[in-house]
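Reading the structure
Chain by chain, the residues:
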Amino acid sequence: MTSAVVAFSLFASVTAHMKLENPVPYSSDSLNNSPLDRSGSDYPCKMRSGGYEITKMNNWKAGEKQTISFIGSAVHGGGSCQFALTTDMEPSPQSQFKVIHSVIGGCPSNVTGNLPENSAGHGAATFDIELPKDIPNGQYSFAWTWFNKVGNREMYMNCAPLTVTGGGKDKSVLAKLPDLFVANIPETSCATVENFDFAFPEPGNAVETIAGAAVGNKLNGAGCAQMTKMGAGAGNIGSPAAPTDGPVDAPSSTQAPKVTAAPSAYPSGSPPGVFVPGVSSGSDQVQTSFTTLIATKTAEQPDPTSEPKQPKQPDSSSLVSPPQGTGTAPPPATGSGVPCKDDGAVVCISATQFGLCNWGSAVPQDLPAGMVCQDGAIVGAAAKRHRRAHAGRTRLHGGGSS
C-alpha cells in the first residue's frame, strides 16, 4: 500500500473512529468515538456532563474470561491497549486505575491503515481477558485505553460500569496491580512514537504481544515523568462498593441487634382463605413454632478504606431470643430483611409480620387478617381464643393481656 493510500485511509471521517462495545460503556448513547481531548480535559473516560449514566451494569465473575469488542473502523494501524479497573464509579483525575491486561500491537486491529469505513463496523479484533480470580467482589469502573500506531499521537479511553462476583476478600490483590499508563494528552508534553507499537513500562502479569508487532518504548517530551503516572491518580485505590442488588452483609457491630417484644394487642377477625405456611384456617393447634426477631440496627454504608464486604451468613451472636415482659415493637424493618439462622424456616418478625428465612435473611411480609404471632408462633383467631382460656400458660409477653 502506498503512503498516499495509507494517509487517505488514516484521515477517514471521525465518525468511523473506535469505541468500546463490550462491556457496555457508561452513557453509551452520548459517547462519541473520538480520542481524549489533546488537552487532557476529559481524562479519564471522556469525562463530561452526564457521562457516567449506567446504560447497563456489566456483571463479570472473577477468574473467568470476558470478550472485549469494539465498534468502528478507523483503527490507525493498530497499536497497544490496556484494560484496567478503578473502584470509583464516577472516575476523575484523582482515581487510581489498576491494569489487569495489556496488549502490545494489533489492538484494536493489525491492519496497515484503517478498516473499510463504517462507524458501526465490527471488523476490529476482539480480546479475551480474565479478571484476577482473587479480586474483591463489588462495583468497579472498567477502562480501555488505546495508543494508536499510525497517525496523530492520540490516547483513546472509554469506561464501563462493572459488578464483580465470585472473587476474594483481600484488597491487596488489587493494590499490587500496576497503574495505568497515560501519554499523548497533550502530545507536546509527552508522546509515543509513530509507527511503533508501544511497550508499556508496567504491563502487568497478563500481557500479550501480537505477532508482527513493531515494538518500541521510546517517549518524546519533557513532561513524561509526570504524565505517565497520571493513572495512579491520588494513589488510593480504595475498596469496591457493594452491589446495589443481591445479598449484602448483616450489620457490622460488636453488639447483637436490639430486639423488642411484639405488641400486646392483636387484631381480631376470622381467618381468611390465604394461609401462612404451617397454619391451618380452622385449627386450634399451633402447627409450627418460630423465633421472633425485630432488628432495629440498620446496615452502615461501607467504609471506602475498609475491606470490601462479602455476602455472608450472620453468625449466632446476631440472633437473640425475644425478651420477656411487655413492650412496644418499633416499626417493622424495611428494605433488607432481618437476620435469621434456619434457612427455609418461617420466622415471626412481629405480631403482624412473618418472613421466610433465605440465606440468613427474612424479608418482612404482612400476616393475613385474623392471624397473629403469639408465644413465638403464628396462630389463627380460633387458636388465639383457645389460648385466652389458659391464663396460666406462659405468654410471649409474660402476664400481659392479649
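The structure presented is a predicted model; accordingly, all values stated were derived computationally and were not measured.

Let's shift gears to the overall build of the protein. Counting its secondary structure elements, the protein contains four helices and 20 strands. Scored against the burial criterion, the 402 residues of the protein give a buried share of 47%. The long-range fraction of contacts in the protein, counting pairs at least 24 apart against all pairs at least 6 apart in sequence, stands at 75%. Looking at the protein as shown, the accessible area adds up to about 18,800 Å², and 51% of this sits on carbon and sulfur atoms.

Paired through their backbone hydrogen bonds, the strands of a sheet run either parallel or antiparallel. The strand order across the open sheet formed by six strands is β2-β8-β7-β4-β5-β11, and the pairing between neighbours is mixed. Both outer strands of the open sheet, β2 (58–61) and β11 (207–209), are each paired with one neighbouring strand and no more. Adjacent strand axes in the sheet meet at a mean angle of 25° when their direction is disregarded. Inspection of the sheet shows β2 paired to strand β8 (residues 156–165) by four bridges, in the parallel sense.

Moving on, we come to unusual backbone geometry. In this chain, Asn22 is followed by Pro23 through a cis amide linkage whose omega measures 5°. Looking at the secondary structure, you find Pro23 in the loop between β1 (19–22) and β2. Along the chain, Ile185 connects to Pro186 via a cis peptide bond; the corresponding omega equals 0°. Among the structural elements, Pro186 can be located in the loop between α2 (172–175) and β9 (191–192). The backbone phi angle of Cys45 is positive, close to 70°, even though this residue is not glycine.

Once that is clear, we can look at the nonpolar core. With 30 residues, the main nonpolar core has Ile68, Phe70, Phe83, Leu85, Ile100, Phe142 and Trp144 as its most contacted residues. Elements with a contribution of two residues or more to this core: β3 (65–71), β4 (79–86), β5 (98–104), β6 (127–130), β7 (138–148) and β8. Beyond its immediate sequence surroundings of up to four residues, Ile68 is in contact with Leu20, Asn22, Pro23, Trp60, Phe83, Ala125, Thr126, Phe127, Ile129 and Phe142. In this structure, Ala84, Phe147, Ala183 and Phe198 belong to the second largest nonpolar core, which totals 24 residues.

Further remarks concern the sheet that holds β6. Read across the sheet, three strands follow the order β1-β3-β6 without closing on themselves; strand pairing throughout is antiparallel. Unpaired on one side and paired on the other, β1 and β6 mark the two borders of the sheet. For this sheet, the mean inter-axis angle between neighbouring strands, taken without regard to orientation, is 40°. By the bridge criterion, three bridges tie β1 to β3 in an arrangement that is antiparallel.

Another point: the side chain of Asn114. For Asn114, the location among the structural elements is in the loop between β5 and β6. Judged by relative accessible area, Asn114 falls into the buried class, the value being 15%. Reaching out from Asn114, the side chain makes a polar contact with the backbone nitrogen of Val75 at a distance of 2.9 Å. A distance of 2.7 Å separates a polar side-chain atom of Asn114 from the backbone nitrogen of His76.

What counts, and at which threshold
Residues numbered from 1 in each chain as written. Predicted model: local features only at pLDDT ≥ 70, side-chain atom pairs only at ≥ 80, totals over all residues. Heavy atoms only, no water. Helix = DSSP H or I, 4+ residues; strand = E, 2+ residues; numbered from the N terminus. Buried < 20%, exposed > 50% of the residue type's maximum accessible area, 1.4 Å probe, protein only. Contact = heavy atoms within 4.5 Å. Areas by Shrake-Rupley, 256 points an atom, 1.4 Å probe, with all protein chains shown as cover. Pairing = 2+ DSSP bridges. Axes fitted to C-alpha atoms, helices over the stretch in contact; angles between N-to-C directions. Core = buried A, V, L, I, M, F, W, Y, C linked by side-chain atoms within 4.5 Å. Polar contact = N/O pair within 3.5 Å; in protein donor to acceptor, adjacent residues only side chain to side chain.

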